[in-house]
Amino acid sequence: MATASAGWEFELAGGHPALDLVNTVAWRLDPARTVDRISGFSSLARWSAAAGLIAPDVETDLLQQAAARPDRAQEALREARAIREAVHGVAGAVADGREPGEHHLNTVHRMLARAIGRAEIASVVPWRWTLRPRAPADLPWAIALAAGRLFQEEDLTRLRRCHDAGCGWLFLDRSRNGSRRWCSSADCGNRARARRHYERHRTS
Ligand SMILES: [Zn+2]
């Protein structure tokens, strides 16, 4: 899989941090074009800040620690990618109207249990698990907690996959009538409109 070049801005079209994480893989359904936007620990930290999982000063701190201990940062990156693929395995299946595979379900359950083991309860009631990453190794578990919230708190009948044949992005359809088809109307939706226009004029 190719990785993105520096300077790329993260798109948050999923409507939930766990789906935005899944969507850091672009063109997932078109292997010739598939790109992993999380090219290293620094882009994982940048994405985490963009998605609101960590504060900017925490991002700076984690990047400094990662520079000092690249082996630990690499391990955190590996864990985060494993969480991402398991979340895609479960959420993608739900969006496609399939039964999620046992393997992906077990991975998500196990990672959520490990994350809760590291988390704190933030408020009196209602309880909410939080995890403030203090080191690169904490970051995958903050991400796993966010993934847990997707499956625990959201209306999963609203989970959709972009209708573009190659895009593969997932999103929560929060439109009133539940008719959203594209990750982004400006991007995949626009391409589809242009294609329909072309087909109409070619056949007429
Ligand atoms: Zn799309």
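Numbers given to residues run from 1 along each chain, matching the order in which its sequence is written. Residue-level local features of this predicted model are given only where pLDDT is at least 70; pairs of side-chain atoms are given and counted only at 80 or more, and the full residue set underlies all totals for whole chains, interfaces and linings. For side-chain calculations, the full set of non-hydrogen atoms in the structure is used, while hydrogens and water are omitted.

**Re the nonpolar core**
As a rule of thumb, nonpolar side chains are buried together in soluble globular proteins. Within the largest apolar cluster, 39 residues are counted, with the highest numbers of intra-cluster contacts made by Phe41, Leu44 and Ile143. For the purposes of this entry, the term helix denotes a DSSP run of H or I that reaches at least four residues, the term strand denotes a run of E that reaches at least two, and both are numbered from the N terminus. Counting residues per element, the ones that place at least two in this core are helix H1 (17-22), helix H2 (41-50), helix H3 (56-68), helix H4 (70-96), helix H5 (102-118), helix H6 (139-153) and strand S7 (170-172). With sequence-adjacent residues up to four places away left out, isoleucine 143 is seen in contact with Leu21, Leu44, Trp47, Ser48, Leu53, Ala80 and Ile83. The definition of a nonpolar core used throughout is a set of buried Ala, Val, Leu, Ile, Met, Phe, Trp, Tyr and Cys residues joined through side-chain atoms within 4.5 Å. Burial classes follow relative accessibility: with a 1.4 Å probe on protein chains only, a residue under 20% of its type's maximum area counts as buried, one over 50% as exposed, and anything between as partly exposed. Counting residues in each nonpolar core, the second largest holds twelve residues, with Val35, Cys167, Cys183 and Cys188 among its members. The contact definition used throughout considers only heavy atoms, calling two residues in contact when any of these lie within 4.5 Å.

**Looking at the packing of H4 against H6**
Running from N to C, H4 and H6 cross one another at 10°; their axes reach a closest spacing of 9 Å. As judged from the angle between their axes, H4 and H6 are roughly parallel. Contacts between H4 and H6 involve Ala76, Glu79, Ala80, Ile83, Val87, Val90 and Ala91 from the former and Pro140, Trp141, Ile143, Ala144, Ala147, Leu150 and Phe151 from the latter. Axis lines are fitted through C-alpha atoms, for helices just across the contact stretch, and the angle between N-to-C directions can take any value from 0 to 180 degrees. For classification purposes, angles smaller than 35 degrees are called roughly parallel, those larger than 145 roughly antiparallel, those between 65 and 115 roughly perpendicular, and all remaining angles oblique.

**Observations regarding the coordination of the zinc ion**
Think of it this way: four donors in a tetrahedron around the metal ideally sit 109.5 degrees apart, and six in an octahedron ideally sit 90 or 180 degrees apart. Distances from the zinc ion to its protein donors, Cys162 (SG), Cys167 (SG), Cys183 (SG) and Cys188 (SG), fall within 2.3 to 2.4 Å. Around the zinc ion sit four donor atoms, and with donor-metal-donor angles ranging over 103 to 115° the site reads as tetrahedral. Each donor residue of the zinc ion belongs to the same chain, with the gaps between them written as C-x4-C-x15-C-x4-C. In this pair, the class of cysteine 183 matches that of cysteine 188, namely buried. The rule for donors is simple: an N, O or S atom within 2.8 Å of the metal counts, and for Na, K and Ca the reach is 3.2 Å. Water is not among the atoms, so a site may look short of donors. For four-coordinate sites, all angles between 85 and 135 degrees define a tetrahedron; for four- and six-coordinate sites, opposite donors beyond 155 degrees with the remaining angles between 65 and 115 define square planar and octahedral shapes respectively, and all other cases count as irregular.

**Observations concerning H3**
Expected span of a helix: the number of residues minus one, times 1.5 Å. Relative to the 18 Å expected for 13 residues at 1.5 Å per residue, H3 spans 19 Å between its end C-alpha atoms, a close match to the ideal helical length. Considered for burial, the residues of H3 that qualify are Val58, Glu59, Leu62 and Ala66. For H3, the arc enclosing every buried residue in end-on projection is 100°, short of the 170-degree limit, so these residues lie on one face. Relative to its buried face, H3 has exposed residues pointing more than 90 degrees away, namely Pro56, Asp57, Gln64, Ala67 and Ala68. Packed against the buried residues of H3 are H2, H4 and H6. It is the directions from the helix axis to the C-beta atoms whose arc is reported.

**Concerning the UniProt feature "domain: Zinc finger CGNR" (unreviewed entry) in the protein**
The feature "domain: Zinc finger CGNR" (unreviewed entry), as given by UniProt, occupies residues 158-201 in the numbering adopted here. Counting secondary structure, residues 158-201 comes out at 32% helix and 14% strand; the distance between its end C-alpha atoms is 35 Å. UniProt positions are given in the numbering used here, feature names are shortened, and annotations may be inferred rather than shown by experiment.

**Looking at the side chain of aspartate 164**
With respect to the helices, strands and loops of the structure, aspartate 164 is situated in the loop between strand S6 (159-161) and S7. Classification of aspartate 164 by relative accessible area gives buried; the value is 7%. As used in this structure description, the phrase polar contact means that two N or O atoms lie within 3.5 Å; if the pair is within protein, one of them must be able to donate a hydrogen and the other to accept it, and residues adjacent in sequence are counted only when both atoms belong to side chains. For aspartate 164, the side chain forms a polar contact with the main-chain nitrogen of glycine 166, separated by 2.8 Å. Residues contacting aspartate 164, with those up to four places away along its chain left out, are Trp27, Trp182, Cys188, Arg191 and Arg195.

**Structural notes on the environment of proline 17**
Secondary-structure assignment places proline 17 in helix H1. In this structure proline 17 comes out as partly exposed when scored by relative accessible area, which is 23%. Linking proline 17 and arginine 149, residues 132 residues apart in sequence, is a C-alpha distance of 9.5 Å. For proline 17, the residues in contact, after removing those within four places along its chain, are Trp47, Ala51, Leu53 and Ala146.

**Description of unusual backbone geometry**
The linkage connecting valine 125 with the following residue, proline 126, adopts the cis geometry, with an omega of -10°. Mapped onto the secondary structure, proline 126 falls in the loop between strand S4 (120-121) and strand S5 (129-130). Despite not being glycine, tryptophan 27 shows a phi value in the positive range, around 55°. In this fold, tryptophan 27 is placed in the loop between strand S2 (25-26) and strand S3 (35-36).

**Section: the environment of glutamine 65**
Along the chain, glutamine 65 falls in helix H3. On the basis of relative accessible area, glutamine 65 is assigned to the partly exposed category, the value being 27%. Expressed as a C-alpha distance, the spacing of glutamine 65 and proline 136, which sit 71 residues apart in the sequence, is 7.1 Å. With residues up to four places along the chain from it excluded, the contact list for glutamine 65 reads Arg134, Ala135 and Pro136.

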